[in-house]
Amino acid sequence: MEAQLKKELGTSMLKSTGHSGGGCISQGQSFDTDHGRVFVKINHKSQAKRMFDGELASLEAIVMTDTVKVPKPVKVIELDTGGAVFVMEHVDMRGLSRHSKQLGERLADLHLHNQRRRDRQNKEQQTVGKGADVPVIDQFGFQVPTCCGYLPQSVPTALSFSTPPPSTATLSTSWASPGCSEGSATPSTLGTTTRSPRPRGLRRGISCINCSTI
């Protein structure tokens, strides 16, 4: 993997920094390169590239708003040995609790970003000599599938979400213990819910295949 990373990143140096981590889906590790420090998410499953492609597009969309600080995505690399890695900017995160107020404000800015651009576009259209050159997103949805764990969630663009567009994405509804949503799940088409009798003492959750309740 490291030899392929060097080639894909165009770096002669690829030195582990000792920063590593992971969860139930992917593992991560930071490296120093000729171009600076990067963080690499690693996943050896066949679905990894699709999952990482969605993450890359999502981070690019957030970066463009200049609101919430997120790692700048570099590239997704399909590994010769199977799976894929997602290379992004290394962000040193320490003592974040004191920034909670600012984070809340930035998240609000993120959600208002497109509406503010729309307001600016409308204002400029009413001004002589001004053109409508402010890019605005005028449809719901996203241009690439994103994933919950390995489960793809395709949301094609549409002018309205009053009637959701057809989708191949599925969610599953299951009855689970408070600590885990793993269990017998009933697949359902995105936008609908399949219900089953709740066992005594358990709660209902919408679960993805990596055992996380959403």
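Here the structure is shown first, and the text comes after it.
Nothing here was measured: the structure is a model prediction, and the numbers come from that model.

Caption draft 1: Fine view of the overall build of the protein chain. Across its full length, the protein chain carries three helices and 10 strands. Going from the N terminus to the C terminus, the protein chain shows its helices and strands as α-β-β-β-α-β-β-α-β-β-β-β-β. Expressed as a percentage of its 214 residues, the buried residues of the protein chain come to 27%. Sequence-distant contacts, at least 24 apart, represent 42% of the contacts inside the protein chain between residues at least 6 apart.

Caption draft 2: Structural context of the nonpolar core. Among the nonpolar cores identified, the biggest contains 12 residues, and these are Ala-48, Met-51, Phe-52, Leu-56, Leu-59, Val-68, Val-70, Val-76, Ala-84, Phe-86, Met-88 and Tyr-150. If you look at the next biggest cluster of nonpolar residues, it comprises 11 residues, including Leu-14, Phe-31, Val-40 and Ile-77.

Caption draft 3: Region of interest: helix H1 (residues 2-9). Within the span of H1, buried status applies to Gln-4, Leu-5 and Leu-9. Buried residues of H1, viewed axially, fall in a sector of 120 degrees; they line one side. Summarising the geometry of H1, the exposed residues directed more than 90 degrees from the buried face are Ala-3 and Lys-7. Gly-10 sits one or two residues past H1 and shows a positive phi near 65 degrees.

Caption draft 4: View of the sheet that holds strand S1 (residues 14-22). Ordered by their spatial adjacency, five strands build an open sheet running S1-S2-S3-S5-S4, and the pairing between neighbours is antiparallel. Unpaired on one side and paired on the other, S1 and strand S4 (73-78) mark the two borders of the sheet. The sheet shows a mean angle of 25 degrees between the axes of neighbouring strands, direction not considered. Sheet strands in contact with H1 are S1, strand S2 (27-33), strand S3 (36-43), S4 and strand S5 (84-89), and its direction is about 130 degrees off that of S4. Of the strands in this sheet, S3, S4 and S5 are in contact with helix H2 (residues 48-65), which crosses S4 at around 170 degrees.

Caption draft 5: Representation of the pairing of S4 within the structure. Where S4 meets S5, five bridges bridge the pair, whose relative direction is antiparallel. What sits directly across from Ile-77, in S5, is Val-85. A loop of five residues connects S4 with S5, the two strands running antiparallel in sequence, and Gly-82 in this loop sits at a positive phi of about 110 degrees.

Caption draft 6: View of the pattern of salt bridges. Counting across every chain of the model gives nine salt bridges. Note that Lys-41 is salt-bridged to Glu-55, the shortest N-O span being 3.0 Å. Of this pair, Lys-41 sits in strand S3 while Glu-55 sits in helix H2; the two residues are 14 residues apart in sequence, bridging distant segments of the chain. Residue Glu-55 is classed as partly exposed on the basis of its relative accessible area, which comes to 24%. Glu-89 is paired through a salt bridge with Lys-69; the nearest N and O atoms lie 3.3 Å apart. Of this pair, Glu-89 sits in strand S5 while Lys-69 sits in the loop between H2 and S4, and the two are 20 residues apart along the sequence.

Caption draft 7: Spatial organisation of the packing of aromatic side chains. All told, the structure shown has one aromatic pair when counted by the stated rule. Summarising the aromatic geometry, the rings of Phe-52 and Phe-86 are spaced 6.0 Å apart at their centres and angled 40 degrees between planes, so their arrangement reads as tilted. Remark: Phe-86 occurs in strand S5 and Phe-52 occurs in helix H2; sequence separation between them is 34 residues. With a relative accessible area of 0%, Phe-52 lands in the buried category. On the accessibility criterion, Phe-86 (0% relative accessible area) is buried.

Caption draft 8: Geometry of the environment of Arg-37. With respect to the helices, strands and loops of the structure, Arg-37 is situated in strand S3. Of the residues examined, Arg-37 reaches a relative accessible area of 37% and is grouped as partly exposed. Along the sequence, Arg-37 and Lys-15 sit 22 residues apart, while their C-alpha atoms lie 9.3 Å from each other. Those residues in contact with Arg-37 that sit more than four places away from it in its chain are Thr-17, His-19, Phe-31, Asp-32, Glu-89 and His-90. A distance of 2.8 Å separates a polar atom in the side chain of Arg-37 from a polar atom in the side chain of Asp-32.

About the criteria used
- Residues numbered from 1 in each chain as written.
- Predicted model: local features only at pLDDT ≥ 70, side-chain atom pairs only at ≥ 80, totals over all residues.
- Heavy atoms only, no water.
- Helix = DSSP H or I, 4+ residues; strand = E, 2+ residues; numbered from the N terminus.
- Buried < 20%, exposed > 50% of the residue type's maximum accessible area, 1.4 Å probe, protein only.
- Contact = heavy atoms within 4.5 Å.
- Core = buried A, V, L, I, M, F, W, Y, C linked by side-chain atoms within 4.5 Å.
- Arc of directions from axis to C-beta.
- Pairing = 2+ DSSP bridges.
- Axes fitted to C-alpha atoms, helices over the stretch in contact; angles between N-to-C directions.
- Salt bridge = Lys/Arg side-chain N within 4 Å of Asp/Glu carboxyl O.
- Phe/Tyr/Trp six-rings, centres within 6.5 Å; stacked < 30°, edge-to-face > 60°.
- Polar contact = N/O pair within 3.5 Å; in protein donor to acceptor, adjacent residues only side chain to side chain.

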